[in-house]
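Chain by chain, the residues run as shown.
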Amino acid sequence: MSFSLLCDKNDGALLDAYPEGGPAGWRYLVSQRLASEFPSGGLTMGFSPNFPDRLKLYDFVDSILEIRIVSERVRRVIQELTPNDVEFLPVTLVDHKKEIVARDYFIMNIIADWDVIDLERSNVRMSHILKDNISRVWELRLKEGLSADGPKLFRPRHLRSYTMVDPIVQAALTSAKLTGVKFLSAEGWDGKYR
């Protein structure tokens, strides 16, 4: 089974703060449902004031928060293919002047977590703080013989701030011509976003 890393680093708007009034930031990284703690009307996230020239709004919004912020178009594709692997938490996006630029965006909170990384064959360094998390990748190797019945979109265990997708999800996102995203082969990945 092959997987790709979903890469949403782009030249568009950049978000650098979790929404106020919602769950604590670290909770978005631990594969747990948060919708019951999220206001029904959603929360607001603002473009980073440190990057005032980054105004483009793509379907995948760049973030230093290690979470995925996506458009309604992305939500529709993902919900159709893998509704149990994620939940979508509504956010309104505001620009540097605090003016609303979009109301139809979501934090794509990834619920599925899968142990797919072969730590023995990979060339990685584990974190000194989060002992079960990888802090640096030189060469990633995936476990062999993974079931095709696993999640289609998930957080790889030991690399929790990343998102992996199977070929079906990658093909659907690609054919939908969504902006601000690219895919990198997970097998052999060197830790860089080329």
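Here the residue numbering is sequential within each chain, running from 1 through the sequence in written order. Only residues with pLDDT of at least 70 are given local features in this predicted model, and only at 80 or more are side-chain atom pairs given and counted; all residues enter the totals for whole chains, interfaces and linings. With hydrogens and water set aside, each side-chain value is computed from the structure's full complement of heavy atoms.

Would you mind going over the packing of aromatic side chains in detail, with residue names and values included?
Ring pairs are drawn from Phe, Tyr and Trp, using the six-membered ring of Trp, whenever the two centres fall within 6.5 Å, and their geometry is named by plane angle: stacked under 30 degrees, edge-to-face over 60, tilted for the rest. Counting across every chain of the model gives eight aromatic pairs. When the ring of Phe88 is compared with that of Phe106, the centres are 6.1 Å apart and the planes differ by 85°; the resulting orientation is edge-to-face. In this pair, Phe88 sits in strand β6 (residues 86–94) while Phe106 sits in strand β7 (residues 100–110), placing the two residues 18 residues apart along the sequence. Taking the relative accessible area as the measure of exposure, Phe88 reaches 14% and is therefore buried. Burial here depends on accessible area, computed with a 1.4 Å probe over protein chains only, as a share of the maximum for the residue type. Under 20% is buried, over 50% is exposed, and the range in between is partly exposed. The class of Phe106 is buried, set by a relative accessible area of 12%. Both rings, one in Tyr162 and one in Trp189, keep their centres 5.4 Å apart while their planes meet at 65°; by these two values the pair is edge-to-face. With Tyr162 in the loop between β11 (153–156) and β12 (164–165) and Trp189 in the segment after β13 (182–185), the pair connects residues that are 27 residues apart, well separated along the chain. With relative accessibility at 4%, the residue Trp189 sits in the buried group. Any Lys NZ or Arg CZ that is within 6 Å of a ring centre and within 35 degrees of that ring's normal is treated as a charge sitting over the ring. Across from the ring centre of Phe51, 5.7 Å away, lies the NZ or CZ of Arg54, which sits over that ring. Over the ring of Phe106 we find Arg75; its NZ or CZ atom is 5.7 Å from the centre of that ring. Numbered from the N terminus, helices here are DSSP runs of H or I no shorter than four residues, and strands are runs of E no shorter than two.

Outline the sheet that holds strand β2 (residues 14–15), supporting the account with residue identities and numerical values.
Any two strands with at least two DSSP-identified bridges between them are counted as paired. On the basis of which strands lie adjacent, the open sheet formed by six strands has the order β2-β4-β5-β7-β6-β3 and mixed pairing. Strands with a single pairing partner mark the edges of an open sheet, and in this sheet they are β2 and β3 (43–46). Here four bridges tie strand β5 (residues 68–71) to β7, and the two strands are oriented antiparallel to one another. When the sheet's bridge partners are listed, Arg68 is paired in β7 with Met108. Where helix α1 (residues 72–81) meets the sheet, its contacts fall on β4 (60–63), β5, β6 and β7, and the angle it forms with β5 comes to roughly 95°. What makes two residues a contact is simply this: any of their non-hydrogen atoms within 4.5 Å. Inter-axis angles, ranging from 0 to 180 degrees, are taken between N-to-C directions of lines fitted to C-alpha atoms, where helices are fitted over the stretch in contact.

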